[in-house]
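So the chains spell out like this:
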Amino acid sequence: MKHLYIYLLFTLMCCPIVRADQSTSDAVGDTGSITLTRIYGKAQELDRLGQHQAATIQYKKAIGINPNFVDFYIGLCKCAIEQKSWSDVSMCAQNIFRLDPALKPDYTIDYGEALYHLGKYDEAESNLKTALTYIDKNITSEKLHKEIQAKTDKEQMAITKKIQESQMTNPPIATTQPQAPFNQIAQPVTTSQPNTENTNSTNAEASNGFHTKKRSSEDAQSIVNKYRLSFESALKSECILLAQYEGYVKNDDIRFNHPPQANYHIKKFLKGPPLNPSLPVRYDFHIPKETDAPPNWKFSADKMPKPGSLWIIFIENAVPKHGMYETYEGSYGRQEANDDNLNKIYDLIDKSSGQ
Amino acid sequence: MKLKLLTLAYLISSFTMQNIYASESESDLNKRIRIHDILLKIYLAKHQIKLAIQEYQILLKLSPDNPALEYAFANYLYKNNNIKESIIHYRKACESAPDNADYQARLGSILLYVQDYDGAVSAYTNACRIGGARFQPQLNSAMQYQAQKRAAATAEANAKKAKE
């Protein structure tokens, strides 16, 4: 029995690893959404069965919901090659390079071939020559992934070091308001009145009340939040909606970390699957990382938005928890539907769908 | 017993790993062939003769036993008036695919064009042997030319002798 076990162990070591995410179960999986995992699983199954046209439809459906998940483009690219749909191959390759540049060695040849068939000879030639250099220099996607990982680890170490240094020199003060030194980072809604000003107006607020805190600590924190708290990242949400605030469910136990249910009415679907127009949302008062309530924080009705006001709601996973949808990064996932924010979102959606 | 099983397991694993490495290098070669094949098509489409010839040569180095590629290269050279080189590649194509009557006949017609009647008759004879009677008219005309050439050569030799 023991021998058999050793033998099986060795044999398994030599076998190719089967990806766990290929299952069609109800697990959230790598996609971060049950809906997407189902669609993706169906697409892969159809692909395996050789039904490339049907698989293409499913992949495109998945991309429509989340245009920033590289595996969808990889699957679609394979289907498109089988069907000799070169414009799709070209689109997929461009998106694969955008989302994971380390995969260039794997898809540059396909991209070059697609460009050749599309009559873009010069571009095709330069891409194919690049592909040749990858082979000559033995550059593989695995190697590039390792290099990128090493670089990221290094950056992460530097950030951690910076945070530690800043905390050593300036002990952190409890805060609920993450600072945004970069213009593109919109302000999370944590104040008594939801953010009705331009999302970039952070300086004036930062100089008042509990917002006043040590600058070095803010900087370190804001670097960490840089990527998460931006519209670019929020765009990865499964659903983006334009909704009108109608009211909240009153109860006696509303606390900083125990928010109420806010009721919205969906006016427009900017992205994602159609949901019931009545939208119950968990009304977080802060972003997930900021769990300490500001001093003297107490819930009152003025901490909720004005009924009838319009909001952009980012829902990361369109699966309600305890009867409520959770917004992207807590309070950040609710942004006032002013012209600035709407223009930014439309612009970003256009760009991502254009690719 | 345990040692034997362990050895067996090790052998299986090492064999599998060797196969993986072998397939990796093979896939690199296939990738190169694919890239140069597309580059060739691009240069053909852009009428970049010099670069296209270079790509043909690279492809022939990467896959030396490819009669179809030799034949295509020979045709391309012939079209671009490089007849001497084209004959070399027609011959290589015929050597690589000795059972292809069309290649033999094509070589025959090119040799006929450059007035190498002996070579043309030989190539057409091979074509007839492999492909049957469909190349017989070409063989007959090649033989006529050959006979004419021989007669002319004999007449010339006789005239030379008479002069002397």
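Residues numbered from 1 in each chain as written. Chains lettered and ligands numbered in written order. Predicted model: local features only at pLDDT ≥ 70, side-chain atom pairs only at ≥ 80, totals over all residues.

Asks: How should the overall build of chain B be read in this particular structure?
Replies: Across its full length, chain B holds 7 helices and 0 strands. Secondary structure elements in chain B, listed N-terminal to C-terminal, are α-α-α-α-α-α-α. A burial count over chain B gives 27% of its 164 residues as buried. Considering only intrachain contacts with a sequence separation of at least 6, the fraction spanning at least 24 residues in chain B is 35%. (Helix = DSSP H or I, 4+ residues; strand = E, 2+ residues; numbered from the N terminus. Buried ≥ 20, exposed ≤ 12 C-beta atoms within 10 Å, placed from the backbone. Contact = placed C-beta atoms within 7 Å.)

Asks: Sorry if this is basic, but what is going on with the environment of L348(A) here?
Replies: Residue and element names in this part refer to chain A. Inspection of the secondary structure puts L348 in helix α12 (residues 339-354). Separated by 113 residues in sequence, L348 and L235 have C-alpha atoms that sit 7.7 Å apart. Discounting residues that sit within four places of it in the chain, L348 has contacts with F231, E232 and L235.

Asks: Explain the sheet that holds strand β5 (residues 334-336) of chain A to me, please; I cannot follow it from the model alone.
Replies: What links the strands of a sheet is backbone hydrogen bonding, and the strands pair in either a parallel or an antiparallel sense. Residues and elements named next belong to chain A. Strand order across the open sheet formed by 5 strands is β3-β2-β1-β4-β5, with antiparallel pairing between neighbours. Single-partner strands in this sheet number two, and they are β3 (278-282) and β5. Between one strand axis and the next, the sheet turns by 45° as a mean value, whatever way the strands run. Bridge count for strand β1 (residues 239-248) against strand β4 (residues 310-315) is 6 bridges, and the pairing is antiparallel. By the bridge assignment, L241 is partnered in β4 with I313. (Pairing = 2+ DSSP bridges. Axes fitted to C-alpha atoms, helices over the stretch in contact; angles between N-to-C directions.)

Asks: How should the packing of helix α6 (residues 117-131) of chain B against helix α7 (residues 136-163) of chain B be read in this particular structure?
Replies: Packed helices, taken two at a time, are described by the angle between their axes plus the distance between the axes. All names here are of chain B. Two numbers describe how α6 lies on α7: the axes approach to 9 Å, and their chain directions differ by 155°. Relative to α7, the element α6 is oriented roughly antiparallel. Seen along the crossing, α6 lies across α7 with a hand that is left-handed. Judged by residue contacts, Y117, D118, A120, V121, Y124, T125 and C128 of α6 engage Q136, Q138, L139, A142, M143, Y145, Q146 and K149 from α7. Of the residues belonging to the contact of α6 with α7, the class tally is 9 nonpolar, 4 polar and 2 charged. (Parallel < 35°, antiparallel > 145°, perpendicular 65-115°, else oblique. Left-handed = near helix turned anticlockwise from the far one by under 90°. Nonpolar A, V, L, I, M, F, W, Y, C, P; charged D, E, K, R; others polar.)

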